[in-house]
Amino acid sequence: MDNDDILLRAEHLCKYFKSGKNELHAVDDISFYIKRGEVFGLVGESGCGKTTAGRTVIGLYEPTSGEIYLDGVLIAAGTRSHREAMKHARIQYREGLAAAKSDAERRKLKETLSGTLTENSKAIRNIERLSRQKRDTSRIQMIFQDPVASLDPRMTVREIVAEGLIIKGERDRKVIDRRVYETLELVGLLPEHAARYPHEFSGGQRQRIGIARAIIMEPELIIADEPISALDVSIQAQVINLLNDLRRRFKMAIMFIAHDLSVVKYFSDRIGVMYFGKLVETAPSDELFRNPLHPYTRSLLSAIPLPDPIYEKKRRRVIYDPRTAHDYSKDTPTLREAAEGHFVMCDLAEYERYRRIMNE
Ligand SMILES: Nc1ncnc2c1ncn2[C@@H]1O[C@H](COP(=O)(O)OP(=O)(O)OP(=O)(O)O)[C@@H](O)[C@H]1O
Ligand SMILES: [Mg+2]
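Residues numbered from 1 in each chain as written. Chains lettered and ligands numbered in written order. Predicted model: local features only at pLDDT ≥ 70, side-chain atom pairs only at ≥ 80, totals over all residues. Heavy atoms only, no water.

**Overview of the overall build of the protein chain**
From N to C terminus, the protein chain includes 13 helices and twelve strands. A principal-axis box enclosing the C-alpha atoms of the protein chain has dimensions of 85 × 60 × 45 Å. Across the 360 residues that make up the protein chain, the buried fraction comes to 46%. Intrachain contacts of the protein chain at a sequence separation of at least 6 include 64% that bridge at least 24 residues. With an accessible surface of roughly 19,700 Å², the protein chain has 51% of that area assigned to carbon and sulfur atoms. Here the protein chain carries 57 positive and 53 negative side-chain charges, and the mean point of each set is 3 Å from the other. (Helix = DSSP H or I, 4+ residues; strand = E, 2+ residues; numbered from the N terminus. Buried < 20%, exposed > 50% of the residue type's maximum accessible area, 1.4 Å probe, protein only. Contact = heavy atoms within 4.5 Å. Areas by Shrake-Rupley, 256 points an atom, 1.4 Å probe, with all protein chains shown as cover. Lys, Arg positive; Asp, Glu negative; His and termini not counted. Charge placed at Lys NZ, Arg CZ, Asp CG, Glu CD.)

Written out as structure tokens, the structure is:
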């Protein structure tokens with residue numbers, strides 16, 4: 001794959017929340033990329049970490065660990081893995097010292113330790129500098145699940161849609177008005193809507209206001225967090241079509257978050273499946289539907305009804321239970337590439353089985 005095609009890349013991204021004395025691993029070591037102009041669907045059941053992943057990508061949360069790159073430039077990262085590497089190096093140094101038999105050995109151990117410490121503290125300083133910098137947020141925009149909660153009821157549509165432009169430094173009233181009207185038209189609203197307040201609109205129209213607020217910034221990536229799940233079924237297709245038109249027109253990429261696969265099936269170029277903070281499978285959309293490998297993906301697929309009586313008669317709901325589906329007591333699973341561009345979380349034995357399935 002050509003690296004120039006990649007707009008966003010997340011590497012070993014983790015976001016942990018404090019939960020009493022413990023930590024909740026909402027996003028736990030996920031790696032993925034989004035190519036320029038493509039729709040990347042992120043699916044998984046409630047609470048698996050989809051929103052947290054999206055909010056971390058856009059900078060509403062700081063990563064606990066891992067890195068996020070936009071156009072190959074580091075835009076956010078966490079320090080945890082570097083701190084752990086330093087701690088681990090110190091332990092190894094102490095253990096090594098206790099067992100060392102010569103000065104040469106001790107010198108060698110000290111060199112290794114100081115190398116690791118220097119390297120990681122440099123990385124930490126870099127990350128801290130990065131998180132103090134004001135981030136240019138216009139290149140990535142977000143559309144929220146709940147169009148009521150995400151629009152300030154005291155602001156007019158004009159103020160809501162223009163806000164990002166003003167934050168970015170646009171002062172010319174004429175320019176702002178023109179851009180607002182143009183953008184309202186793009187999302188299927190009228191110029192006279194600009195003076196009204198969000199409560200005067202229907203759910204679908206409010207979501208259009210949310211979309212206008214995002215696209216006026218001409219972002220390269222939109223994070224659409226279940227943008228249609230709060231809408232009437234009759235309106236859902238309209239909003240999907242609108243997003244599709246806009247992304248073609250402006251060549252934007254979309255990270256489209258949804259609960260189930262049926263919503264993202266036709267809309268996504270590639271799909272990532274999350275389960276309890278982990279990304280268990282990513283593949284091009286049609287490939288994922290043709291050759292689902294991870295048992296959780298298979299269970300999600302088995303939940304989709306199709307308007308085909310023969311298929312429906314044969315369809316059996318598969319329930320995923322990680323305790324019986326895998327034996328990870330000997331080997332820890334990692335994300336492995338089973339076919340070109342098709343990644344699945346598995347151990348070596350599963351990987352070999354998946355490879356055989358793919359080659360059949
Ligand atoms: N700000 C926060 N503070 C503490 N815990 C959080 C926070 N945000 C999310 N969580 C927890 O992190 C986990 C993942 O939540 P998240 O909202 O990312 O899931 P989701 O996949 O978007 O779910 P849904 O489909 O219901 O929107 C959940 O257990 C949630 O309770
Ligand atoms: Mg969510």
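**Side note on the site of ligand 1**
The local shell around ligand 1 holds 14 residues, among which Ser 46, Gly 47, Lys 50, Thr 51 and Thr 52 are the closest. For ligand 1, an oxygen atom lies 3.2 Å from a polar atom in the backbone of Cys 48. A distance of 2.8 Å is found between an oxygen atom of ligand 1 and a side-chain nitrogen or oxygen belonging to Thr 51. When ligand 1 sits alone it has 640 Å² of accessible area, and the protein chains cover 64% of it. Those elements that provide at least two residues to the shell around ligand 1 are strand 2 (22-35) and helix 1 (50-58). Broken down by element, the residue count for the shell around ligand 1 peaks at three residues, all from helix 1. Split into classes, the residues belonging to the shell around ligand 1 amount to five nonpolar, six polar and three charged. (Near = heavy atom within 4 Å. Polar contact = N/O pair within 3.5 Å; in protein donor to acceptor, adjacent residues only side chain to side chain. Nonpolar A, V, L, I, M, F, W, Y, C, P; charged D, E, K, R; others polar.)

**As for the environment of Thr 79**
Within the secondary structure layout, Thr 79 lies in the loop between strand 5 (73-77) and helix 2 (80-99). Distance from Thr 79 to Leu 221, taken between C-alpha atoms, is 25 Å for residues 142 residues apart in sequence. Once you skip the residues sitting within four places of it in the chain, Thr 79 turns out to touch Thr 64, Ile 124 and Ile 127.

**Digging into the sheet that holds strand 10 (residues 278-284)**
With respect to topology, eight strands assemble into an open sheet ordered 6-7-8-3-9-10-12-11, the strand pairing being mixed. In the strand order of this sheet, the two ends are held by strand 6 (140-143) and strand 11 (334-339), each with one partner. Averaged over all neighbouring strand pairs, the angle between strand axes comes to 20 degrees, with direction disregarded. As judged from the five bridges shared by strand 11 and strand 12 (residues 342-346), these two strands associate in the antiparallel manner. Among the inter-strand pairings, Ala 339 is bridged to a residue of strand 12, identified as His 342. Across the face of the sheet, helix 6 (residues 203-215) comes into contact with strand 6 and strand 7 (221-225) while running at roughly 175 degrees to strand 6. (Pairing = 2+ DSSP bridges. Axes fitted to C-alpha atoms, helices over the stretch in contact; angles between N-to-C directions.)

**What to know about the sheet that holds strand 4 (residues 65-70)**
Here four strands make up an open sheet; going across it, the order is 2-1-4-5 and the pairing antiparallel. Because the sheet does not close on itself, it has two edges, and the strands there are strand 2 and strand 5. Looking at each pair of strands side by side, their axes are set apart by 25 degrees on average, direction ignored. Judged from the eleven bridges that link them, strand 1 (residues 6-19) and strand 2 form a sheet pairing that is antiparallel. In the strand pairing of strand 2, Lys 18 is matched with Glu 23.

**Describing the side chain of Glu 350**
With respect to the helices, strands and loops of the structure, Glu 350 is situated in helix 13 (residues 348-359). Summary of buried charges: Glu 350 has no salt-bridge partner, and the nearest side chain of opposite charge, Arg 353, is 4.4 Å away. In contact with Glu 350, not counting residues within four places along its chain, are Ala 325, His 326, Tyr 328 and Met 345. (Salt bridge = Lys/Arg side-chain N within 4 Å of Asp/Glu carboxyl O.)

**Quick word on the packing of helix 4 (residues 157-167) against helix 5 (residues 173-186)**
Contact pair helix 4 / helix 5: the axes reach a minimum separation of 10 Å and the direction vectors enclose 115 degrees. As helix 4 packs across helix 5, the resulting crossing turns out to be right-handed. In this structure, helix 4 contributes Val 157, Arg 158, Val 161, Ala 162, Leu 165 and Ile 166 to the contact, and helix 5 contributes Arg 173, Ile 176, Asp 177, Arg 179, Val 180, Tyr 181 and Leu 184. Here the contact of helix 4 with helix 5 is composed, by residue class, of nine nonpolar, no polar and four charged. (Left-handed = near helix turned anticlockwise from the far one by under 90°.)

**Comments concerning the environment of Ser 150**
Within the secondary structure, Ser 150 is located in the loop between strand 6 and helix 4. Other than its neighbours up to four places away in sequence, Ser 150 contacts Phe 144 and Arg 213. At 3.0 Å, the side chain of Ser 150 forms a polar contact with the backbone oxygen of Asp 146.

**Things to note about the pattern of salt bridges**
A full pass over the atoms with the stated rule returns 17 salt bridges. When the shortest N-O distance is used, the salt bridge between Arg 80 and Glu 23 registers 2.6 Å. Remark: Glu 23 occurs in strand 2 and Arg 80 occurs in helix 2; sequence separation between them is 57 residues. When the shortest N-O distance is used, the salt bridge between Glu 220 and Arg 139 registers 2.6 Å. Separated by 81 residues along the polypeptide, Glu 220 in the loop between helix 6 and strand 7 and Arg 139 in the loop between helix 3 (103-132) and strand 6 bring together distant segments of the chain. The partly exposed category is assigned to Glu 220, whose relative accessible area is 26%. Each of Arg 36, Asp 71, Arg 139 and Glu 220 takes part in one network of salt bridges that share partners.

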